[in-house]
Every structure is written in structure tokens, then in C-alpha cells.
Amino acid sequence: METSSIARNSRVFRATRVERAEARAAVGRLRRTNVMSRGRGQRASTADLVAAARARHQRDRVRLLDDPYALALTSPSLRRVLRFRPAALFLANWTLRGLKPVILGLLIRARYAERAVEAAFRDGIRQYVVVGAGLDSFALRRTDRVPPLEVFEIDRPAMQEVKRERIRSAGISSPPGLHFVPADLEQVSVMEALSNSPFDPGDPAILSFLGVTYYLSPETLAESARSIASGVAPGSRLVLDYMLDEASAWPEHRKMRAQLEEYVAKRGEPMKSEYSLAAMSELMAEAGFRTLEAVTMMDLAERYAEELGPLPFETPGLFACGLFGK
Ligand SMILES: C[S@@+](CC[C@H](N)C(=O)[O-])C[C@H]1O[C@@H](n2cnc3c(N)ncnc32)[C@H](O)[C@@H]1O
């Protein structure tokens, strides 16, 4: 990152009067627009929200993820909101309140996945495929690993254009090991998409599906997992997060779950699947993957709190993460 963008990032939450006015206007615009819309031209929205949540997390004393690029990667209007603390609080506590469980869970899933990638790297894996990468900044941050680790980011072409443009305008340098693989996964499979890139199916890889499975039916997820299991080399791994079924979710978080389901369904992006830990292991086994770890986010939160101290937020007992191997 160039000095100018480091300087821009370091003044994240100190806003001038003009910026405060812009932040208020941006919150107003966000309230009027459907930020979760799947309509044309708004596809980048969920990825923008993830990046915004990561950027906001940089202010927390205990951090699950250090991401100095999140702010530069999120949309200009969310960036303006984040620079002004009251606007950021309003956004989190009011405009996006229905999404709060997802926003809290995304930090845990990101830490879990990045640790799985680190362990895979130590075991000799040199390819990382990020399915539905959005504005993920792993490859930009981890130049100590990338290369020799080759990162293949799969997302819709429009999303990738936006991301490249934000990388360019923030003056962030893109490491030679980062490969953008534009694909609409409703049209082509993960393996078909990778066949148009330098990905080597003869070498083991680790693949992540973060913030993606809830929107796929169990049949579609099983189909994707089968195609990946038959296309990747032995020793490959898959890491993902998913929604727990009602019986496995923490009873005290059921209200949160109902609010979340209502929120996303209203916005045309319904949650399509939920699993117990055992049901996810079974789906993966049928597809050709064995379970290396199945863990709820509540258990992960406890694990991370032991490492880092009390976490700065409540963890929704609604999600789980899994690591699978071929
Ligand atoms: C919620 S974001 C998750 C971003 C990132 N994985 C994370 O957790 O930080 C979901 C991403 O999946 C992408 N996506 C959704 N449907 C897709 C499709 N059919 N083909 C390719 N990418 C898709 C979206 O563009 C978006 O970037």
C-alpha cells in the first residue's frame, strides 16, 4: 500500500464537518436504497457490507481479523458512513439491524477460514480458491504467503471489475499470485470456472465458501461439492460456514434467527438451507469429502476468546463452520 492510502486509512474515524454532512446523507441514501438488493447493478452490495463490517471491526480493541484494506475496498458511500462514528452506529444498530447476526458471524468465519488456509500452507498446499470472494483482502494482506501461495478469486465479472477499480484507486498493489476468475456460478461450475485460469487440478488446493451456502439449496450445494470433490487433487480441503437448523441453533437466539430470515426474505435473498453439524458432514461425505472439523460459531467464539480475551460482540448461536478433506 502506498503512503498516501496508509494516511487515508489512519484517519478513518476522524471526520471533518463536510464529511459528517456527507455521512448523514449517505445513511439517508442507504435507508432509501435496498442495500441487499439482488437487482442489476447492485450485486456488489453484500460484499460491500462484509468489507464495511471488517473496516468497522478495526476499531474494536480485541480483533479477530486485522484488515487494513477493508475500508478502501468498501463502497464510497459506506466509507463516508464509517468515517463518522454516529452514522456508523446508526447503520449497524438500525439500518442493518436485521443483518446483525451475519455481520457478527462473518468475523468469526473469516478467522476460522484464514487459519485453515495457514494450516494448509504449512502442510504444503499452494493453491487457495476463494469462492464468492467479494471484497476479501486476504491476497492483498498476506504478501508473506502470496506467492508462493496462488490465490484464485471467483466472483461475478461485475463484482471483480468494481474490486479491481477500488484496488487501483486506493494505490494497493496486487500480488503476482492473485488471479481473478470472473464467473457466474449460476451458469458454470467452480471447476469449469477454474479451467479458464492457471489453476492446476493436479495439485492439491484449499477452497473457501464463506457467506455463500445459506443462499444455495442443499441440492445445489451437494452438486457443487460433488463437482469439486471429483475435480480436485487428493489432499485438497474445503472450508465453509453455514446456518444451523432450528434444533441445533441456540434457543435464546431463535428470535434473532426469525428476524434475520424475515429481513433477507423481504429483500429477495431468502436463506435456502440449514443443517445440523451431522447433516452437513453427511452431505459432504456423499459428495466425496470427509469431515476434518465441524464446529458451531459459539464454540469458535469461546476458542477465540480464550486466545484474545473477551470478544467485542455477542456471537449468534445460529451458524457453524466446517473443514473437509478429500
Ligand atoms: C456475502 S458476500 C461474501 C464475501 C466473502 N466471501 C466474505 O465472506 O467476506 C457473497 C459473494 O458471493 C458472490 N456471488 C453470489 N452469487 C454468485 C454467483 N452466482 N456467481 C459468482 N459469485 C457470486 C457475490 O458477488 C458476493 O461477492
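In this text, all values refer to a predicted model and were calculated from it rather than measured experimentally.

## Details of the overall build of the protein
Then comes step 1: Per the secondary structure count, the protein includes 14 helices and seven strands.
Then comes step 2: Within the span of the protein, comprising 326 residues, buried residues form 43% of the whole.
Then comes step 3: In the protein, 80% of the contacts between residues at least 6 apart in sequence involve partners at least 24 apart.

## Focus: the site of the ligand
Then comes step 1: Neighbouring residues of the ligand: 19 residues in total, closest Gly132, Gly134, Leu185, Leu210 and Gly211.
Then comes step 2: Looking at which element gives the most residues to the shell around the ligand, the answer is helix H3 (residues 45–57), with three residues.
Then comes step 3: The residues that make up the shell around the ligand include at least three from each of domain 1 (3–95) and domain 2 (102–325).

## Concerning the sheet that holds strand S5 (residues 237–243)
Strand-to-strand pairing in sheets goes through backbone hydrogen bonds, with the strands running parallel or antiparallel.
Then comes step 1: The seven strands lie next to each other as S3-S2-S1-S4-S5-S7-S6, forming an open sheet whose pairing is mixed. Here the strands that pair on one side only, and so sit at the sheet edges, are strand S3 (178–182) and strand S6 (290–296). Adjacent strand axes in the sheet meet at a mean angle of 15°, parallel and antiparallel pairs treated alike.
Then comes step 2: Relative to S6, helix H13 (residues 277–287) is tilted by about 155°, and along the sheet it contacts S5, S6 and strand S7 (319–325).

## Re the pairing of strand S2 (residues 150–155)
Then comes step 1: Where burial is concerned, most of S2 is hidden: six out of the six residues are buried.
Then comes step 2: Residue alternation in S2 divides its side chains into two sets, Glu150, Phe152 and Ile154 and Val151, Glu153 and Asp155, and both sets are buried.
Then comes step 3: Relative to S2, strand S1 (residues 127–131) is paired through five bridges, and the arrangement is parallel. Paired with Val130 across the two strands is Glu153, which belongs to S2.
Then comes step 4: Two strands pair when backbone bridges link them, and S2 and S3 are joined in this way by five bridges, in the parallel orientation. By the bridge assignment for S3, Phe152 is matched with His179.

## Thoughts on the environment of Tyr215
Then comes step 1: With respect to the element layout, Tyr215 can be found in the loop between strand S4 (206–209) and helix H11 (218–231).
Then comes step 2: The spatial distance from the C-alpha of Tyr215 to the C-alpha of Ser273 is 6.9 Å, given a sequence separation of 58 residues.
Then comes step 3: Here Tyr215 is in contact with Glu269 and Lys272, once residues within four sequence places are set aside.

## A look at H13
Then comes step 1: Those residues of H13 not exposed but buried are Met280, Leu283, Met284 and Ala287. The arc that holds every buried residue of H13, seen down its axis, measures 95°, which confines them to one face. Of the exposed residues in H13, those oriented more than 90 degrees away from the buried face are Ala278 and Glu286.
Then comes step 2: Those residues of H13 hidden inside the fold are in contact with H11, S5, S6 and S7.
Then comes step 3: Looking one or two places after H13, you find Gly288, whose phi comes out positive at around 115°.

## Focus on the confidence of the model for the protein
Then comes step 1: When pLDDT is averaged along the protein, the result is 84, and 82% of the positions lie at 70 or above.
Then comes step 2: A low-confidence stretch, residues 1–14 (pLDDT under 50), is modelled with 18 contacts involving residues beyond four sequence positions or located in other chains.

## Brief notes about the pairing of S4
Then comes step 1: Across the two faces of S4 the burial is the same, with Ile206 and Ser208 and Leu207 and Phe209 all buried.
Then comes step 2: For S1 and S4, the ladder comprises four bridges, and the chain directions are parallel. Each residue of the ladder has a partner; that of Val130, found in S4, is Ser208.
Then comes step 3: Crossover handedness for the path S4 to H11 to S5: right-handed.

## Topic: the nonpolar core
Then comes step 1: Core analysis: the largest hydrophobic core is formed by 87 residues, its most contacted members being Val129, Val151 and Ile154.
Then comes step 2: When residues of this core are assigned to domains, at least three fall in each of domain 1 (3–95) and domain 2 (102–325).
Then comes step 3: Those residues in contact with Val129 that sit more than four places away from it in its chain are Phe152, Ile154, Leu194, Ala205 and Leu207.

## Points about unusual backbone geometry
Then comes step 1: With an omega dihedral of -25°, the bond running from Val146 to Pro147 counts as a cis peptide bond.
Then comes step 2: Within the secondary structure layout, Pro147 lies in the loop between helix H8 (138–141) and S2.
Then comes step 3: With omega at 15°, the peptide bond leading from Pro147 into Pro148 counts as cis.
Then comes step 4: Here Pro148 shows up in the loop between H8 and S2.

The rules we used
- Residues numbered from 1 in each chain as written.
- Predicted model: local features only at pLDDT ≥ 70, side-chain atom pairs only at ≥ 80, totals over all residues.
- Helix = DSSP H or I, 4+ residues; strand = E, 2+ residues; numbered from the N terminus.
- Buried ≥ 20, exposed ≤ 12 C-beta atoms within 10 Å, placed from the backbone.
- Contact = placed C-beta atoms within 7 Å.
- Near = placed C-beta within 6 Å.
- Domains from an automatic or database assignment.
- Pairing = 2+ DSSP bridges.
- Axes fitted to C-alpha atoms, helices over the stretch in contact; angles between N-to-C directions.
- Arc of directions from axis to C-beta.
- pLDDT = per-residue confidence, 0-100.
- Right-handed = clockwise from strand over helix to strand, strands pointing away.
- Core = buried A, V, L, I, M, F, W, Y, C linked by C-beta atoms within 7 Å.

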